[in-house]
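Now for the letters of each chain:
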Amino acid sequence: AIFFFIGRETLPLFRSARSQLLQSGQWPMAEGNRAPVLVGLDEYETYAYALDATDSALQFLTVADWKPYTNLPLAKLQGHPITTAYRTPSRDHLYIGTADGHILAMQVKFRVGYADGGRQVTPYLGEMKLVQVSESGAAVRAIHGRANESSGVEHVAVALADGKLYTVKLEE
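Residues numbered from 1 in each chain as written. Predicted model: local features only at pLDDT ≥ 70, side-chain atom pairs only at ≥ 80, totals over all residues. Heavy atoms only, no water.

1. Examining the overall build of the protein chain
Stated precisely, the cut-off is as follows: Only DSSP runs of H or I covering at least 4 residues are called helices, and only runs of E covering at least 2 are called strands; the numbering of each starts at the N terminus. Only C-alpha atoms enter the radius of gyration, while the globule expectation follows 2.2 Å times N to the 0.38, with N the number of residues. Burial classes follow relative accessibility: with a 1.4 Å probe on protein chains only, a residue under 20% of its type's maximum area counts as buried, one over 50% as exposed, and anything between as partly exposed. Here a residue-residue contact requires only that any non-hydrogen atoms of the pair lie within 4.5 Å. To be clear on the numbers: accessible area is Shrake-Rupley with a 1.4 Å probe, and residue cover counts the displayed protein chains and nothing else. When charges are counted, Lys and Arg contribute as positive and Asp and Glu as negative, whereas His and the chain ends are disregarded. Here the site of a charge means atom NZ of a Lys, CZ of an Arg, CG of an Asp or CD of a Glu.
The secondary structure content of the protein chain amounts to 1 helix and 12 strands. Scanning the protein chain from its N terminus toward the C terminus, one meets helices and strands in the order α-β-β-β-β-β-β-β-β-β-β-β-β. In summary, the protein chain has a C-alpha radius of gyration of 20 Å against a globular reference of 16 Å for 172 residues, an excess of more than 25%. Dimensions of the protein chain along its principal axes, counting C-alpha atoms only, are 70 × 35 × 35 Å. Looking at the protein chain as a whole, 36% of its 172 residues are labelled buried. Counting contacts in the protein chain only where the partners sit at least 6 residues apart, residues at least 24 apart contribute 43% of the total. Total accessible area on the protein chain stands at roughly 10,700 Å², and carbon and sulfur atoms take up 52% of it. Distance between charge centres in the protein chain, computed from 16 positive and 18 negative side chains, equals 6 Å.

2. What to know about the side chain of Asp42
Put simply, the rule is: Counting of polar contacts relies on pairs of N or O atoms within 3.5 Å, with two restrictions inside protein: one atom must be capable of donating a hydrogen and the other of accepting it, and residues adjacent in sequence are counted only when both atoms are side-chain atoms.
Along the chain, the position of Asp42 falls in the loop between β1 (38-41) and β2 (47-51). At 2.5 Å, the side chain of Asp42 and the backbone nitrogen of Tyr47 are in polar contact. Asp42 has contacts with Tyr47, Tyr49, Asp92, Phe110 and Val121, leaving out every residue within four places of it along the chain.

3. Description of the pairing of strand β12 (residues 165-170)
For clarity, the cut-off: Pairing between strands is defined by DSSP: at least two bridges between the two strands are required.
In this structure, strand β11 (residues 153-160) lies alongside β12, joined through 6 bridges in antiparallel fashion. Counted as the bridge partner of Ala159 is Leu165 from β12. The loop that links β11 with its antiparallel partner β12 comprises 4 residues; one of these, Gly163, has a positive phi angle of about 90 degrees.

4. A short note on the packing of aromatic side chains
What counts, and what does not: Two aromatic rings from Phe, Tyr or Trp, using only the six-membered ring of Trp, form a pair when their centres are within 6.5 Å; if the ring planes differ by under 30 degrees the pair is stacked, by over 60 it is edge-to-face, and anything between is tilted. Note on criteria: charge over ring means Lys NZ or Arg CZ within 6 Å of the ring centre, with the direction from the centre no more than 35 degrees off the ring normal.
Evaluated as defined, the whole model comprises 4 aromatic pairs. For the ring pair Tyr49 and Phe60, a centre distance of 5.3 Å and an interplane angle of 40 degrees mean the geometry is tilted. With Tyr49 in strand β2 and Phe60 in strand β3 (residues 57-62), this residue pair connects regions lying 11 residues apart in the sequence. With a relative accessible area of 0%, Tyr49 lands in the buried category. Judged by its relative accessible area of 0%, Phe60 is buried. Three or more aromatic residues joined by ring pairs make a cluster, and in this case those are Tyr47, Tyr49, Phe60, Tyr69 and Phe110. Just above the ring of Tyr124 sits the side chain of Arg111; from NZ or CZ to the centre is 4.1 Å.

5. Observations concerning the nonpolar core
For clarity, the cut-off: For our purposes a nonpolar core is just a set of buried Ala, Val, Leu, Ile, Met, Phe, Trp, Tyr and Cys residues, chained together by side-chain atoms within 4.5 Å.
Membership of the largest hydrophobic core comes to 19 residues, with the highest contact counts inside it found for Leu58, Ile96 and Met106. Secondary structure elements with two or more residues in this core: β2, β3, β5 (82-87), β6 (93-98) and β7 (102-115). Of the residues forming this core, the biggest block, 4 residues, is contributed by β7. When neighbours within four sequence positions are excluded, Leu58 is seen to be in contact with Tyr49, Ala50, Leu51, Thr70, Asn71, Leu72, Leu74, Leu94, Met106, Val108 and Leu125. Grouped together as the second largest cluster of nonpolar side chains are 12 residues, Ala105, Val140, Leu160 and Leu170 included.

Following this line, the structure appears as structure tokens:
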């Protein structure tokens, strides 16, 4: 009986991976042919979100019906044009680089509640940290970050248009 159980549990490991298209179409909030600089999907698979480099806001849509849900403005980025962004594979930490040498570190969070017979997920923005990394104002061309949830420390690697590379440690 134990060998049957082990065989049944390990059989999927020997099969090819499969994929299935769930949604397809034009991003409903995109203007023209501009592609978002960053996209994400919440861990509950309720919302997809995108960051457009021109409007400094995260645009959310519901995955179930592909309709706009809400926009959350990134007020600290007003006056700092976005050039690049990175989203961590888990926990929705975002690192955003600007044309004037700043980085914004933040986290998209999701509040979960149970009412009216179902789960309700509401997106909101966590603390935002805007830091100037280039004294000369060189644009951020590439960015990567990691967050340590237990210590609250974030490490960010930044490549600038003037060829310089910085690593930055952000602490709470």
